[in-house]
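# Structural description and commentary
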Amino acid sequence: MNLSLFSFGAAPPSQNHARPDKGQGAETDPYEIGAARRWLYRIACATPPAVRETLAEAFLRRPEAPGPAAEHAFQAALGARLAGGARSGKAATVAKAADSFYAHQYRQALNPQMGAFAATATQAVLGAGRLPRGALWRRRRQVEMAMAETVADAPPILVLDHESVAIPLYLPVAVNLTEWRPMARWLEGGGAPPPASVRRLMLGDRMRCVEAGACARRRPAAGALLAVADAALRSRKLAILALHPFDPDAMGLHVTLFGVEAVTPQTLIRDHGLEGDALTPWLCAAGRLGEKLLFLVGGVEEAFTQCSQNLFVKRPAEAASRRAAQRLAWAPCDPLDSLVGGQFEIFQATVSASGLPGVSPRNGEIGRAGFVVRRGRRSFVLIPYFTGNGVHGHAAKLWSNPWSSLIIRDDHTTGSVVTLSGPTRIAPHSWIVAHFPAAAASIARRRRRNGAPADDPEYWFAQRVVDISLQDEAAPLTRLDPARGSCTLHAAGPAHHGKKPTYFAADSLAAYDMRWQHRREARGRPRDPSGRSRRDWLNEAEPALHARLSHLARSAVVDVLEQGR
């Protein structure tokens, strides 16, 4: 099936395009897309995916546009498609909307509001890409994905300063003397494989699977985290999505790290001039677990707002619900439909050909966040994508590396945590209507708050399921707050709660500077043994951290009062 960008068949709505100002021609309007440039985008789309990012950087990115070149090229290519034919004289509003996002929200450092949010997050979705395999059109980077959570009062994210973040990594491995040397080589990040004991945890145990063409395994949560760590150490990149699922005011913060290394607590203290008790929560957690503590640490390459948690709010579930979930636990011997069909939240991770990862939530009404379909002896997960702020980040990454992973953390019904991975393409809505009419019909039944039909998806993510990983540990069960049940953004449905572009006060930071980022990556991850950056950060972030903790305390009191009614 042809799922390339230029197989889009449905005509876009004309209101998505604004006319250029009078007197502004193709020479003066940077968003004007002429016939020659449309052909450049078509040629780029016809090349092997792995080279598109390089071509975009060399030929297709506007000099003043920040951020990854492939994202700008894809967004401009999408705009070129929308501006084609009778609309050739109109501006590419997709690129305009994307530029607005990059100018106002896309940053390469943390401000106090971002840092306080990340430091108090109770969950962090992690994603990283493996080294590429194959050649030409078959060249792929597979994507590893995991969910990190608070462990024994130690949060999953440690903010060191405005440009450095660390993720605790607990090694549940009794490493014998013969494995110390391969363990050290692996942690150095030079490409050496992990020791056998770590590989066993990462791979897990084979399970029976009813989905044709898919391989299923069972592994502990630590195995998934170690797989992400292995990919991050090889690619030197790590994506983090910080979440507060119980906070009705929360959005979501996406942070991408560069120069990622695995270090011991002693090395982290030395590299950043930390005080002696700065790592006490994580050391105590490792001691209680009887495991070895390491940190994945890197410099902040990207920081921006992600919509998610304010669309719904979760609350801890009652004991009776938790017992029922144990009986309903999903396994790969069950049809995948029974798991995906009950979700309102799915997390997606993609990575570009250069190794830049990204993690996002895919939300919708219950049962409409994703759909399982079958074509021949292959199973697919279809996820509709609705226009948001004009930034098609995941689609751009799939444009250069057509592979993704999904985490389904069913903490409201079965308690199962499942990761699905496989080749992924972008499918036009018209293609879904023609080949999978039941999924398209389900989406078409959505209504706005005024009762009018909701917009069709901009496009769909179509992932073929080839790997299924079931986590040993069940997720702590939650329930949806009736006052803030599952809903979606404006384009996808009722839109009871929308995005908050100024949530993290990104305007307090300088705009993204790609040239500076190249220089930062050449120097490696930031270090400051003097501790000055750390002290300045603590002083600057203290008011925001105090305000964040006070807000969370008030929310906890409200939860207690509601549960006592």
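As a reminder, the structure under discussion sits directly above these lines.
Throughout what follows, the structure given in this document is the object of discussion.

### Remarks on the pairing of strand β2 (residues 143-149)
- β2 sits mainly inside the fold: six of its seven residues count as buried.
- Bridge count between strand β1 (residues 123-129) and β2: seven bridges; the pairing is antiparallel. Within β2, the position partnered with Val125 by the bridge is Met147.

### Description of unusual backbone geometry
- Of note in this structure, Ala152 is not a glycine but carries a positive phi near 50°.
- Since its relative accessible area comes to 33%, Ala152 is described here as partly exposed.
- Of note, Asp153 is a non-glycine position whose phi angle comes to about 70°, a positive value.
- Looking at the element boundaries, Asp153 is found in the loop between β2 and β3 (158-161).

### Quick look at empty space enclosed by the protein
- Inspection of the entire model under this criterion finds five cavities of 30 Å³ or more.
- If you add up the space inside the largest cavity, you get close to 90 Å³.
- Ala224, Val417, Thr419, Ser469 and Gln471 are, among the 13 residues lining the largest cavity, the residues nearest its centre.
- Among the elements of the structure, β2, α8 (221-235), β16 (417-427) and β18 (467-471) are those that each provide at least two residues to the lining of the largest cavity.
- Its residues placed into classes, the lining of the largest cavity shows nine nonpolar, three polar and one charged.

### Details of the nonpolar core
- In terms of nonpolar packing, the biggest core is built from 51 residues, with Leu110, Ile157, Leu238 and Ile240 touching the most fellow members.
- Setting aside residues no more than four positions away along its own chain, Leu238 makes contact with Leu126, Gly127, Ala128, Ile167, Val228, Ala232, Val255, Thr256, Leu257, Val260, Leu296 and Pro357.

### Some words on the pattern of salt bridges
- For the structure shown, the criterion picks out 18 salt bridges.
- For Arg520, the salt bridge goes to Glu163, with nearest N and O atoms at 3.3 Å. Taken together, the positions of Arg520 in helix α16 (residues 514-523) and Glu163 in the loop between β3 and β4 (164-171) put the pair 357 residues apart, joining distant regions of the chain.
- Under the relative-accessibility criterion, Arg520 is labelled buried at 2%.
- A residue is classified by how much of its surface remains accessible, and Glu163, at 19% relative accessible area, is buried.

### Comments concerning helix α13 (residues 393-400)
- For α13, a buried count of eight out of eight residues is recorded, marking the element as mostly surrounded by other parts of the structure.
- When α13 is considered as a whole, its buried residues turn out to be Gly393, His394, Ala395, Ala396, Lys397, Leu398, Trp399 and Ser400.

### Re the sheet that holds strand β9 (residues 292-305)
- The seven strands are arranged β2-β1-β7-β8-β9-β4-β3 in an open sheet whose pairing can be described as antiparallel. Of all strands in the sheet, those with a lone pairing partner are β2 and β3, marking the two edges. Neighbour-to-neighbour, the strand axes of this sheet turn through a mean angle of 30°, independent of strand direction.
- Sheet topology places strand β8 (residues 253-263) next to β9; nine bridges connect them, and they run antiparallel. The partner of Thr256 across the bridge, within β9, is Glu302.
- The sheet contacts of helix α10 (residues 280-289) involve β3, β4 and β9, and relative to β4 the element is tilted by about 10°.
- Each of β7 (237-243), β8 and β9 is contacted by α16, which is oriented at about 165° to β9, the strand it contacts most.

The rules behind these values
Residues numbered from 1 in each chain as written. Predicted model: local features only at pLDDT ≥ 70, side-chain atom pairs only at ≥ 80, totals over all residues. Heavy atoms only, no water. Buried < 20%, exposed > 50% of the residue type's maximum accessible area, 1.4 Å probe, protein only. Helix = DSSP H or I, 4+ residues; strand = E, 2+ residues; numbered from the N terminus. Pairing = 2+ DSSP bridges. 1 Å grid on protein atoms, 1.4 Å probe; cavity = no way out; pocket = protein on both sides within 12 Å on 5 of 7 lines; lining within 4 Å. Points joined across faces, edges and corners; volume = space filled by probe spheres on them. Nonpolar A, V, L, I, M, F, W, Y, C, P; charged D, E, K, R; others polar. Core = buried A, V, L, I, M, F, W, Y, C linked by side-chain atoms within 4.5 Å. Contact = heavy atoms within 4.5 Å. Salt bridge = Lys/Arg side-chain N within 4 Å of Asp/Glu carboxyl O. Axes fitted to C-alpha atoms, helices over the stretch in contact; angles between N-to-C directions.

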